[in-house]
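Reading the structure
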Protein chains: 2
Amino acid sequence: MSLWERLDRPGDPAHQARPALTVQRIATVAVGIADTNGLGAITMRRLAKDLGVAPMAAYRHVEGKDDVLELMVDHVYGEVKLPAATDWRTTMRALACGVRALVLEHPWLTQLPATRAVFELTPARMALAERALAALRGAGIDADTSMSIFRTVTAYVHGATSNELGLRQLMADQGWTDGAESRTGLASRMTWLLNTGRYPTFERYIREAAHKDDPQWQFDVGLDALLDGIATRISRPRRS
Amino acid sequence: MSLWERLDRPGDPAHQARPALTVQRIATVAVGIADTNGLGAITMRRLAKDLGVAPMAAYRHVEGKDDVLELMVDHVYGEVKLPAATDWRTTMRALACGVRALVLEHPWLTQLPATRAVFELTPARMALAERALAALRGAGIDADTSMSIFRTVTAYVHGATSNELGLRQLMADQGWTDGAESRTGLASRMTWLLNTGRYPTFERYIREAAHKDDPQWQFDVGLDALLDGIATRISRPRRS
DNA sequence: CATGGTTGGATACGTTGTACACACGAGTGA
DNA sequence: TCACTCGTGTGTACAACGTATCCAACCATG
């Protein structure tokens, strides 16, 4: 029986000895640990302790730690909601912002092995893809282009949020609270590098940029540019 | 003395006892291991064995495994070359394709902790950023917009390549060689999910799409859309 | 030659994921 | 009612990992 089959069969009361452990409970508790203590705190022993069972108990329900991570991803992706059918652009924008909000709420999403984060097919992720693809289809866009748009947007969102979270986590690790402080801290970290004089344009950015500390602005600008480009390509279909 | 300072001082022949180990050699050997055996093979013990020294020897030159990963990233990013100054779009396109080529050659880049992969400032990464930012500056683009463009393009590239590599690795793990074979394999893996009937549009894609197995096409289409959108926003500067 | 700092070696510890054998307890067929 | 079986949780154990710590060998300098 597959992992997702087990997930779909919550209590199964008429079946054999009823377990105190279920995949749902494992997923919920694991997400709780990661939310408060980071992905590094996800340990089969820690998980078992928080579940109130022996270290090996969870292995009756998952094949290993990888399964736990997969369950966690699926569990939180259920939180992303798309608005009822509107135009494709509104849907894709909602998808992008929804996933970004999800990642900001569960920062560990950007820390897990990239393979799993980006590609793994879990029910909740597929449901999200289904909603987005259906919206694109509703706009009369063919299958190849639909998937291309979906992939491109999610690729941008993953890259952008990883970047944003990377900085945010670095700041948290170092105890920096605002942009100015972190620039000072970063500067001291990069003093030697910058003093090599090899990066004049980079230094210029550090001096001149005004939107340095506004990740929302940065995310939106990039996303809008991307959606603009997609829109023109849809209205004027390209060759090949 | 910082890690990068040590990196810049290769032999330092007039200094104290000369080491058989250098950060360069550590980086080179580590990259070799990861290239042939994957990131999972990077172990301080394995690294030491391939270096021909005792397990703890490397710790005289790096603070820990994290430093090794950082060195590896920096080492391979030196491979990315940008063409001599042309227009900004050509430069950004070269940057995107160069990084993609790099990732395809060193797939482990997508597997390391995302924080490190996306944000870490190493000399080679900063040199690349410097080149790209200088090209944008040369086109008369202001500091905020330059950095925004750079971040957006690299975000897309990282997301897209992670996605592409994720699929490629899954295929390699399962021994699938072409698209058709992997679709069969994937199908059997998702049979239960698809049989729930919850993903009709997704199924339609699997049946209809023609460019499913052309990652280069997918990458280019998304990148061109993104660059199109950026171009229109540069020529018609937006408010705020 | 003596000295001090730098390099590599050896040993050891705590933590991790997980294999394995066992114990319990409820459902089923006699 | 009584084995019997199967699904569940427990206890113990092991190999592999990152790395702290102490020690020996070396070289440039006085």
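Above this text is the structure in question.
Small disclaimer: the values here were computed from a predicted structure and weren't measured. (Residues numbered from 1 in each chain as written. Chains lettered and ligands numbered in written order. Predicted model: local features only at pLDDT ≥ 70, side-chain atom pairs only at ≥ 80, totals over all residues. Heavy atoms only, no water.)

**Things to note about the protein's contact with DNA strand D**
As a reminder, the rule being used: What makes a residue near a molecule or strand is one non-hydrogen atom of that residue sitting within 4 Å of it. Polar contacts, as used here, are pairs of N or O atoms within 3.5 Å; protein pairs need one atom able to donate a hydrogen and one able to accept it. Residues neighboring in sequence count only if both atoms are side-chain atoms. Amino acids are sorted into nonpolar (Ala, Val, Leu, Ile, Met, Phe, Trp, Tyr, Cys and Pro), charged (Asp, Glu, Lys and Arg) and polar (every other residue, Gly among them).
Around DNA strand D there are 22 residues in total, and Ala20(A), Ala54(A), Arg60(A), His61(A) and Arg45(B) lie nearest to it. Between Tyr59(B) and DNA strand D, the recorded distance is 2.9 Å, taken from a side-chain N or O atom to a phosphate oxygen. Residues of the surface near DNA strand D, tallied by class, amount to twelve nonpolar, five polar and five charged.

**Some thoughts on the environment of Leu3(B)**
Residue and element names in this part refer to chain B. In plain terms, the rule: The way it works is that DSSP assigns letters per residue, a run of H or I at least four long becomes a helix, a run of E at least two long becomes a strand, and they are numbered from the N terminus. Buried, partly exposed and exposed residues are distinguished by accessible area as a fraction of the type maximum, computed with a 1.4 Å probe on protein chains only: under 20%, between the cut-offs, and over 50%, respectively. Residue contacts are defined here by distance: any two heavy atoms, one from each residue, within 4.5 Å place the two residues in contact.
For Leu3, the position within the fold is in helix H1 (residues 3–8). Among the residues examined, Leu3 registers a relative accessible area of 10% and is labelled buried. Through-space distance from the C-alpha of Leu3 to that of Val23 is 8.3 Å; in sequence the pair is 20 residues apart. Those residues in contact with Leu3 that lie beyond four places of it in its chain are Val23, His61, Val62, Asp67 and Leu71.

**Topic: the packing of helix H5 (residues 88–105) of chain B against helix H8 (residues 143–174) of chain B**
Residue and element names in this part refer to chain B. The cut-off we apply is this: Only the stretch in contact is used when fitting a helix axis, every axis being a line fitted to C-alpha atoms; angles between N-to-C directions are given from 0 to 180 degrees. An angle counts as roughly parallel when it lies under 35 degrees, as roughly antiparallel when it exceeds 145, as roughly perpendicular when it falls between 65 and 115, and as oblique in every other case. For a crossing to be left-handed, the near helix must be turned anticlockwise from the far one by less than a right angle; the clockwise case is right-handed.
Running from N to C, H5 and H8 point in directions that differ by 30°, and their axes come no closer than 10 Å. Considering the angle they form, H5 stands roughly parallel to H8. Judged by the twist between their axes, the crossing of H5 over H8 is right-handed. For the pair H5 and H8, contact is made by Met92, Leu95, Ala96, Val99, Arg100, Val103 and Leu104 and by Ile149, Phe150, Val153, Thr154, Val157, Thr161, Glu164, Leu165 and Arg168, respectively. Each residue belonging to the contact of H5 with H8 can be placed in one class, and the counts come to eleven nonpolar, two polar and three charged.

**So, the relation of the copies chain B and chain A**
Going by this rule: Each copy is superposed on the other by least squares, with the fit set by C-alpha atoms of residues at a pLDDT of at least 70 in both.
Mapping chain B onto chain A calls for a screw motion: a turn of 180° about the axis and a shift of 0.0 Å along it, with 0.1 Å RMSD after fitting. In short, the pair behaves as if placed about a two-fold rotation axis. In this assembly, 100% of the residues forming the interface of chain B have copies in chain A that are likewise at the interface, indicating an isologous arrangement.

**Let's talk about the protein's contact with DNA strand C**
As a structural note, the neighbourhood of DNA strand C is formed by 21 residues, with Arg45(A), Lys65(A), Ala54(B), Arg60(B) and His61(B) the closest of them. Per the 4 Å cut-off to the protein, sugar and phosphate atoms form 42% of the nearby atoms of DNA strand C. Arg60(B) is positioned such that a nitrogen or oxygen atom in its side chain is 2.3 Å from a base oxygen of DNA strand C. At a separation of 2.6 Å, a phosphate oxygen of DNA strand C approaches a polar side-chain atom of His61(B). Of the residues in the surface near DNA strand C, the class split is twelve nonpolar, four polar and five charged.

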